[in-house]
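# Chain and residue survey
This is what each chain is made of:
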Amino acid sequence: MSATTPFTPTLNTVDDCTICLNALAPGNALLTLSCTHQFHLQCLASSIQAQNKECPLCRATLDASIVQLLSGPVQIPVRQQTFQFQLPPVVNQDIPSVEDLVDEALVRDLSDRLASARQAAAASANSSNSLPLITTSTTLEYNACVPHEVSNIYGLVTVQAPPCLKTADDDSLSVSRVPIDLVCVVDQSGSMLGEKMVLLKQTLVYIVEQMSELDRVAIVSFDTLAYDRSHGLKRMNQQNQNILKNTINNDIDDGGGTYIGQGLEMGINLFRTRQTKNPLSALLLLTDGQDNQTHDYTQLMQTLPEGVQCHTFGYGPDHTAALLVRLAEQGNGGTFTYIDEEDAVGHAFAITLGGLFTCMAQQVRVNIEFSESYTITHAHSRYKYEPEQLPSNMITFDLHDLNGDEKRNLVFQLHVPKLDSNEQNMNNLSQEPMILSQTTEELQLPESHTIGIRVNKSVFFLIGTVKITYMDPITGRTVTIDPVPFKLVRDSTSSADLLQVSHTLDLQRNRVETANALERAMAETDYLQSLAILKAQVEKIKASVSAQDPFSQQLIQDLQHNYPSERDYRSSQHNTYMCHTTERGTYVPTTSISSQQYISTMQRQQAAHFLSRHNGSN
């Protein structure tokens, strides 16, 4: 069955309730089962309470959620209506959500099998049989600073996630992954009329079809009210997939105004009230408009549980990009995606899905610590860090999570002290001849420096270290990476190459400064002043050491792009800002070139998979 073909159940031709033999009259509270047989709601509740858990007509086993829902006292709504449970229930706020509980034993078994398969894949991929871990590297703006002066230089820590390992029985797209709890909150207001709604439904059906039996999905739609279309988080077995796909195709209709907070609150509450949870969690929020009235959702977003990321999607040019960016930033490190073309909605969701499916590390913490006299004065990356008040000789960044192949570059400024006379005497060591067979040796240093390394004629001081800890989502265990040092030469006569600006660091400085300029430009309400901010940043990049690097040239091209309208300008540049701030891949308009480098291999494959399915169904 294609992703765009709605499932049409056979209509029940019975006009009487076969339990009480009275007519199924309009206005009565009715319930239709997945087998399409229909009964009075109260009659079926009485049957279930009498321990009958099969359809009274065909003896098909009743869905567990229906049994759980009707096992207790049933309150018939004052306004009677027909309840379509086979699709699942028609939206009715009197019907509570029923969560399909996580089978924790099955999840543990899956995690054990994934861990074993990953170990086998690692063994076949490298001779050491070791699992690929997050790697870390350190860079300073200069490799050397003169000892008799105080300096303030830039520093960089690069954190790189390994690629996803595929097991021997994986197909071309599948990866070994743990289950996810996914809540999709989508706009069904009147502006979604026509092709937009058709394409959104195709996308939601595709998402459902990509889930495994242990994944759980909930769908919430909203106009000025919110509607729990799935009635709770549902495990994506084949039966529930069919139910949810039919709900998507038949029950979500466009109409009404827009109140994002209604849908957002319902989606967050599904996470807050869940009794069990899968290892991964995410909330996807899509809207094509803006609230009828202005709202501040800061307090609401503070209720989003830790570990649940909120990814927002602005569909078309009429959304409020600034609001969606703020929700993503408040949503535990989520992303914002501007969908500039109607038919790109599936492509956009597929890229985000490809990232979620490849989570390699959770609760990633990067601890940077320098010797006491060296202090971090400014943190230029936008991730949360402690302590909030700088300067400090140590800082810890919270990166939330890392997906396969993703990289994070943390940029900061470092105060480099003047060395006292005892420390400057270390320079003499660099002039001593070395044994030819020994090019590197460790040297004991004063208390302000832990250790020194003499390489050829230069003494490198080890002035600090960076250490990474994270949780492996497959095993649930905490992993600690061996510390990586920062090295700095403090010679009076350093060679010219040691005093050159690092190309790698300069590129990342251009990135973070571009992100900061974009943030200021988007906050500037005067359009011409906003453009002037980006023009100034272009001149700054042109004057940088890495100005001719392809990435710097792409930044310049994106900042100089001439958009047809201010609204297009702000939506696109908000997207660019978020990509360069988070260094995470999303769908981006073709006008944004520099952001495309963040899209991982698996995200591209997931997007290609959606497009092949979508084109094949047309």
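Looking up the protein in an unreviewed UniProt entry gives the name VWFA domain-containing protein, with the organism given as Rotaria magnacalcarata.

## Quick notes on the overall build of the protein
What the protein contains, in helices and strands, is 16 helices and 22 strands. Within the protein, buried positions represent 54% of all 618 residues. Put simply, 72% of the contacts in the protein that link residues at least 6 apart link residues at least 24 apart.

## Some remarks on helix H8 (residues 321-330)
Looking at H8, one finds that the buried residues are Ala321, Leu323, Leu324, Val325, Leu327 and Ala328. Looking at the buried residues of H8, the elements they touch are helix H6 (260-272), strand S10 (280-287), helix H7 (298-301), strand S11 (309-315), strand S12 (336-339) and helix H15 (566-582). Of the residues trailing H8, Asn332 is marked for its positive phi of about 55°.

## What about unusual backbone geometry?
For the peptide bond that leads from Glu386 to Pro387, omega is -5°, which places it in the cis range. By the element assignment, Pro387 lies in the loop between strand S15 (384-386) and strand S16 (394-403). Cis geometry marks the peptide bond from Leu390 to Pro391; its omega dihedral reads 15°. Mapped onto the elements of the fold, Pro391 is located in the loop between S15 and S16. A positive phi is found at His400, a non-glycine position, where the angle reads about 65°.

## A few points about the pattern of salt bridges
The tally for this structure, following the rule as stated, stands at 19 salt bridges. When the shortest N-O distance is used, the salt bridge between Glu386 and Arg365 registers 3.8 Å. Of the two residues, Glu386 is situated in strand S15 and Arg365 in strand S13 (residues 359-370); the sequence distance between them amounts to 21 residues. Judged by its relative accessible area of 34%, Arg365 falls in the partly exposed class. When the shortest N-O distance is used, the salt bridge between Asp506 and Arg509 registers 2.9 Å. One end of the pair, Asp506, and the other, Arg509, are both in helix H12 (residues 503-523), three residues apart, so they sit about a helical turn from each other. One connected set of salt bridges, linked through shared partners, spans Glu99, Asp181, Arg216 and Arg274.

## Focus on the sheet that holds strand S17 (residues 407-416)
Strand order in this open sheet of four strands is S4-S5-S17-S14, and the pairing throughout is antiparallel. A strand with exactly one partner marks an edge of an open sheet, and here the two such strands are strand S4 (135-140) and strand S14 (375-379). Taken over all neighbouring pairs, the strand axes of this sheet differ in orientation by 30° on average, direction set aside. Both S4 and strand S5 (residues 151-160) contribute to a ladder of six bridges, which runs antiparallel. Paired with Thr136 across the two strands is Val159, which belongs to S5. Against the sheet, H12 makes contact with S4, S5 and S17, and its axis sits at roughly 90° relative to S5, the strand it touches most.

## As for the packing of helix H13 (residues 527-542) against H15
At a closest axis distance of 12 Å, the pairing of H13 and H15 adopts a crossing angle of 40°. Considering their axes alone, H13 and H15 lie oblique with respect to each other. Once H13 is placed against H15, the crossing between them reads as left-handed. Mapping the contact onto sequence places Tyr527, Ser530, Leu531 and Leu534 in H13 and Glu566, Tyr569, Arg570 and Gln573 in H15.

## Describing the packing of aromatic side chains
Scanning all chains against the criterion turns up eight aromatic pairs. Plain terms: the ring middles of Tyr527 and Tyr569 are 5.2 Å apart, the flat faces sit at 55° to each other, and that makes the pair tilted. Taken together, the residues span a long stretch of sequence, with Tyr527 in helix H13 and Tyr569 in helix H15 at a distance of 42 residues. What makes Tyr527 partly exposed here is its relative accessible area of 24%. Note on Tyr569: relative accessible area 1%, which makes it buried. Members of the aromatic cluster, connected to one another through ring pairs, are Phe370, Phe412 and Phe486. Over the face of the ring belonging to Tyr315 we find Lys196, whose NZ or CZ atom lies 5.4 Å from the ring centre. Above the ring of Tyr154, the side-chain terminus of Arg509 is found at 4.6 Å from the ring centroid.

## Regarding a negative patch on the surface
Taken together, the side chains of Glu195, Glu341, Glu342 and Asp343 present a region of like negative charge at the surface. Mapping Glu342 onto the fold places it in the loop between S12 and helix H9 (345-356). Take Glu342: its relative accessible area is 37%, and that puts it in the partly exposed class.

## What to know about H13
Taking 1.5 Å of rise per residue, the 16 residues of H13 would be expected to cover 22 Å, and the 23 Å separating its terminal C-alpha atoms lies within 8% of that figure. Taken as a whole, H13 has its buried residues at Ser530, Leu534, Gln537, Val538 and Ile541. When H13 is viewed along its axis, its buried side chains cluster within an angular range of 105° and face the same direction. Opposite its buried face, H13 presents the exposed residues Leu528 and Lys535, each directed more than 90 degrees away. The backbone nitrogen of Leu528 lies 3.0 Å from a side-chain oxygen of the residue at the head of H13, namely Asp526.

## Section: the environment of Thr337
Mapping Thr337 onto the fold places it in strand S12. For the pair Thr337 and Thr352, spaced 15 residues apart in sequence, the C-alpha separation works out to 9.2 Å. Thr337 has contacts with Thr312, Phe313, Gly314, Ala348, Asn575, Thr586 and Tyr587, leaving out every residue within four places of it along the chain.

## Some words on the pairing of strand S6 (residues 180-187)
Counting buried residues in S6 gives eight out of eight residues, a clear majority hidden from the surface. Side chains of S6 alternate between two faces, with Ile180, Leu182, Cys184 and Val186 and Asp181, Val183, Val185 and Asp187 buried alike. In terms of strand pairing, S6 meets S10 through seven bridges, oriented parallel. Pairing of Cys184 across the sheet is with Leu284, part of S10. Direction of pairing for S6 relative to strand S7 (residues 216-222): parallel, over a ladder of seven bridges. Bridge assignment links Cys184 to a residue of S7, and that residue is Ile219. Since S6 and S7 lie parallel, the crossover through helix H4 (residues 195-209) that links them has a hand, and here it is right-handed.

So, how was this worked out
Residues numbered from 1 in each chain as written. Predicted model: local features only at pLDDT ≥ 70, side-chain atom pairs only at ≥ 80, totals over all residues. Heavy atoms only, no water. Helix = DSSP H or I, 4+ residues; strand = E, 2+ residues; numbered from the N terminus. Buried < 20%, exposed > 50% of the residue type's maximum accessible area, 1.4 Å probe, protein only. Contact = heavy atoms within 4.5 Å. Salt bridge = Lys/Arg side-chain N within 4 Å of Asp/Glu carboxyl O. Pairing = 2+ DSSP bridges. Axes fitted to C-alpha atoms, helices over the stretch in contact; angles between N-to-C directions. Parallel < 35°, antiparallel > 145°, perpendicular 65-115°, else oblique. Left-handed = near helix turned anticlockwise from the far one by under 90°. Phe/Tyr/Trp six-rings, centres within 6.5 Å; stacked < 30°, edge-to-face > 60°. Lys NZ or Arg CZ within 6 Å of the ring centre and 35° of its normal. Patch = residues over 30% accessible without salt bridge, like charges linked within 9 Å, V, L, I, M, F, W, Y side chains within 5 Å. Areas by Shrake-Rupley, 256 points an atom, 1.4 Å probe, with all protein chains shown as cover. Lys, Arg positive; Asp, Glu negative; His and termini not counted. Charge placed at Lys NZ, Arg CZ, Asp CG, Glu CD. Expected span 1.5 Å × (residues − 1). Arc of directions from axis to C-beta. Polar contact = N/O pair within 3.5 Å; in protein donor to acceptor, adjacent residues only side chain to side chain. Right-handed = clockwise from strand over helix to strand, strands pointing away.

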